[in-house]
Amino acid sequence: MSPHADPLHHKRVWWKEATFYQIYPASFKDSNGDGWGDIPGILQKIDYIASIGVDVVWLSPMFDSPQIDMGYDVSDYEAVYAPYGCVEDVEKLIEACHKNHMKLILDLVINHTSDQHAWFKESRGSKDNPKRDWYFWRPARYDKQGNRMPPTNYRSYFAGGTWTWDEHTQEYYLHLYDTTQPDLNWENEDCRQAIYNSAMRFWLDKGIDGFRIDTVNKYSKVLPLIDAPVTDPTNDIQPAAQMWCNGPRIHEFIKEINRDVLSKYRTYDGQPVVTVGELSLCSDAESVIPYVSALEKELDMVFQFDITHLGQGPPGCNDKYDFAEWKLPEMKRIVEKWQCFIEGTDAWTTVFNENHDNGRSISRYANDAPEWREKSAKMLAIWLIGQTGSLFLYQGQEIGMINIPKEWGMEEYKDVESQNYWAEAVRLAEDGTDPTRKERIGYGLQLMARDHSRLPFQWDGSINGGFSTGKPWMRAHDNYKSINAASQEKDADSVLSFYKRMLRLRKEHKDIFVYGTFELLDPDNLNTFVFRKRYQEKTALVVLNFTTTPQLMSGTEEMKLLVSSQSKKIPGTLQPFEGRIYINYEV
Ligand code: GLC
Ligand code: CA
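Residues numbered from 1 in each chain as written. Chains lettered and ligands numbered in written order. Predicted model: local features only at pLDDT ≥ 70, side-chain atom pairs only at ≥ 80, totals over all residues. Heavy atoms only, no water.

**Student:** How should the coordination of the calcium ion (ligand 2) be read in this particular structure?
**Tutor:** Between any two of four tetrahedral donors, the ideal angle at the metal is 109.5 degrees; between two of six octahedral donors, it is 90 or 180 degrees. Taken together, D30 (OD), N32 (OD1), D34 (OD), W36 (O) and D38 (OD) make up the protein donors of the calcium ion (ligand 2), found 2.2 to 2.4 Å from the metal. Donor residues binding the calcium ion (ligand 2) come from one chain and are separated in sequence as D-x1-N-x1-D-x1-W-x1-D. Judged by its relative accessible area of 33%, D34 is partly exposed. (Donors = N, O, S within 2.8 Å, 3.2 Å for Na, K, Ca; no water. Buried < 20%, exposed > 50% of the residue type's maximum accessible area, 1.4 Å probe, protein only.)

Following this line, the structure appears as C-alpha cells:
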C-alpha cells in the first residue's frame, strides 16, 4: 500500500469545505479617489464579500513594493504599500473578516524580493557583505572575443534572461522574473530564518489564518548553476524551469516552513492555519502528491495549472502567448486528471479557473459575446461547484466580468509580462526572424494576458464602474453599465444571485460535491462535458453544454433535477451553455 493511502477517505477539515475569494487590492475598491484600490476600500465592501457566501479571503500582496510586478516584488514584508493603507488597516481587515466569520490569508512571496528590499541593497553593497550570500551572485563568463556573457543561458518568465549585471560589484545576480526581482538564496540558513520572521511570523502574530504561497516549488535551485540544454537554437536564452522547479531540497525547505513556523499557529477559531501553494511545472500526479499528502506535512493543497495553460505554450518559454486551438476533450482530460489524482490518497486538490495571472474564464472557456455571457457564467459556476476540492473564486468572477475589449490598444495592458512579450514579438517580427509574430502574440494577449483580470471591479453604473472617482490605474471596462454588482444584487436572476445560490448548494451537498469521487463520461464528445460524482450510495450527474447550439443528452431519466443554469428547460436537450445537475437521492 502506498504510504499516502488514506483509509479515512478524505478526513474532513475546515479548509477542504471552504470557498476562497481572491482580492487583488489595486483593483477592488478605491476609497480615496487616487485611482488605486486600497484596504479601507476592502473594509467598505466587507458586507458584500460576506454576502457572496465565501469563507476565506485571500488578499494578493499589499506589502510595500515598487509595484514593478504589482506587489509580487516586495521591498518590505512588514510594511504596507502606502497607497493601500498601513499595517493598522490590515489589522482592521483581519478583525472585520473574523467578525463576519471569514478567515483572511495573505500572499507569501518568498522566492525573491524586490531589488529595493533592504536585504538586497545590503547584499549588492559589497562582495564581503554578510548578506551577499542571501542572493545568487555569480561572476561573468566571456566568449572567445572577450565579450561579457551571463553565467548561464536561462530564459526568465518575463521574456529576457535571468541575470542582471551589477556594475558596482562586477557580478551578475539571478532573477527568475523581472530584473528587479532578485531570487533569495534558500541554501543560506540566516536568509531562511529572516524570511520566516519577517514575511511569516510578523503577520501570523497579527492573527492571519494562513497563506497562499507564491512560486512554492522554485526555492531550491539545481546547483551548481549550469547551462540548460539548448532547445531553442534560434535564441541565446533557453527555457530552464528544470533548473529551479522541484529542485533537490524543495521538500526539505517546505517541511521546515511547516514544522518551524506554520504548525505553531492557529486560526482565530482555533483550527490549524491553511496553506495553498502555487505549483508550476509539475504535471505528473506522482510528483504533486508529496507536496499535499497529509502525511508529508508540507502544504494543505496547491494550484496545479494545466487548466489555465490550455492553449498556451509552456511557461518560461517564448511561446506562452502563441495561442494554440484546443478542443473540449483536452479540457475534460485535464479536469479528470486533477480531480482523480487524490482518490485513495491523503492528498487534497483545488478547484479554480481564474486568478490574477489569467484571462477571464467566460472569455477563455466559454463565450463572452453579449448574448452568451450570462449563460456562460452560470454554466461555468455549475462546472466549478460540482468538482471535488477546495474552491477558489477571483474577484469579479461572481458577477461575470470578461476580458478587455478587443478594440483596446496594447498601451492599456500594464503588466510587465505582457509588455515584455509584446516588445519581444515586435522585435522578432520587425527583424524578420518571425514575420507574423506580432499578430499571433497580440491575439494571444487579447485572450490570455494577465491584465484582463486586473481591470477595476465593477461595483455600479457610475463613473469607472464605481471603483474610483479619480483616474483608475487601469482603465475600467467599457461594459460596467451592464455588468456590475449593484444591479445584480437586486436581480434574483443575475450571475451574482446564481453564484450565491450555487455556493449554498455546494455546502448543502458537500458529501458529493466537495468530497465525492469523479468519473468522466463521454470523454470524446466535443460539445458537452458530463461527469458523475459519487459518495457512498449517492450519485450526482453534472451535464454542461459548452457550445452555442442545443445538445441532446441521455442517462438522466431516472434522476432528479437538482439545478439548471437556465429557466427554460427542455427534456433531453441542453440549451446553449446550459448546465444541469441531477442527483439520485432525496434532499
Ligand atoms: C506568481 C504570481 C505572479 C507573479 C510571480 C512572481 O506567479 O502569481 O503574479 O508575477 O509569481 O512573483
Ligand atoms: Ca486609493
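Picking up after the structure, the text goes on.
**Student:** Sorry if this is basic, but what is going on with the packing of helix α12 (residues 416-430) against helix α13 (residues 437-448) here?
**Tutor:** Packed helices, taken two at a time, are described by their axes: the angle between them and the distance between them. Look at α12 against α13: their axes get within 8 Å of each other, and the N-to-C directions meet at 160°. The orientation of α12 with respect to α13, classified from their angle, is roughly antiparallel. Like other packed secondary-structure pairs, α12 and α13 cross with a definite hand, here right-handed. Here S418, Y421, W422, E424, A425, V426, L428, A429 and E430 of α12 lie close against α13, whose contacting residues are R437, K438, I441, G442 and L445. For the contact of α12 with α13, the class distribution of residues is eight nonpolar, two polar and four charged. (Axes fitted to C-alpha atoms, helices over the stretch in contact; angles between N-to-C directions. Helix = DSSP H or I, 4+ residues; strand = E, 2+ residues; numbered from the N terminus. Parallel < 35°, antiparallel > 145°, perpendicular 65-115°, else oblique. Left-handed = near helix turned anticlockwise from the far one by under 90°. Contact = heavy atoms within 4.5 Å. Nonpolar A, V, L, I, M, F, W, Y, C, P; charged D, E, K, R; others polar.)

**Student:** Can you help me understand the sheet that holds strand β20 (residues 560-564) in this one?
**Tutor:** Consider a sheet: its strands pair through backbone hydrogen bonds, and that pairing is either parallel or antiparallel. The strand order across the open sheet built from five strands is β16-β17-β18-β22-β20, with neighbouring strands paired in antiparallel fashion. At either margin of the open sheet sits one strand with a lone partner, and together these are β16 (517-521) and β20. Put simply, the sheet's adjacent strands are angled 20° from each other on average, direction ignored. Examined bridge by bridge, strand β17 (residues 528-535) and strand β18 (residues 538-545) share eight bridges and lie antiparallel to one another. What sits directly across from V530, in β18, is V543. (Pairing = 2+ DSSP bridges.)

**Student:** I would appreciate a short explanation of the side chain of S114 in the present structure.
**Tutor:** In this structure, S114 sits in the loop between β5 (103-108) and α5 (118-123). The class of S114 is buried, set by a relative accessible area of 0%. Separated by 2.8 Å, the side chain of S114 and the backbone nitrogen of Q116 make a polar contact. Each residue touching S114, except ones within four places of it in the same chain, is listed here: P66, D73, V74, S75, F120, T180 and P182. (Polar contact = N/O pair within 3.5 Å; in protein donor to acceptor, adjacent residues only side chain to side chain.)

Spatial relationships are all this shows, so hold off on functional conclusions.
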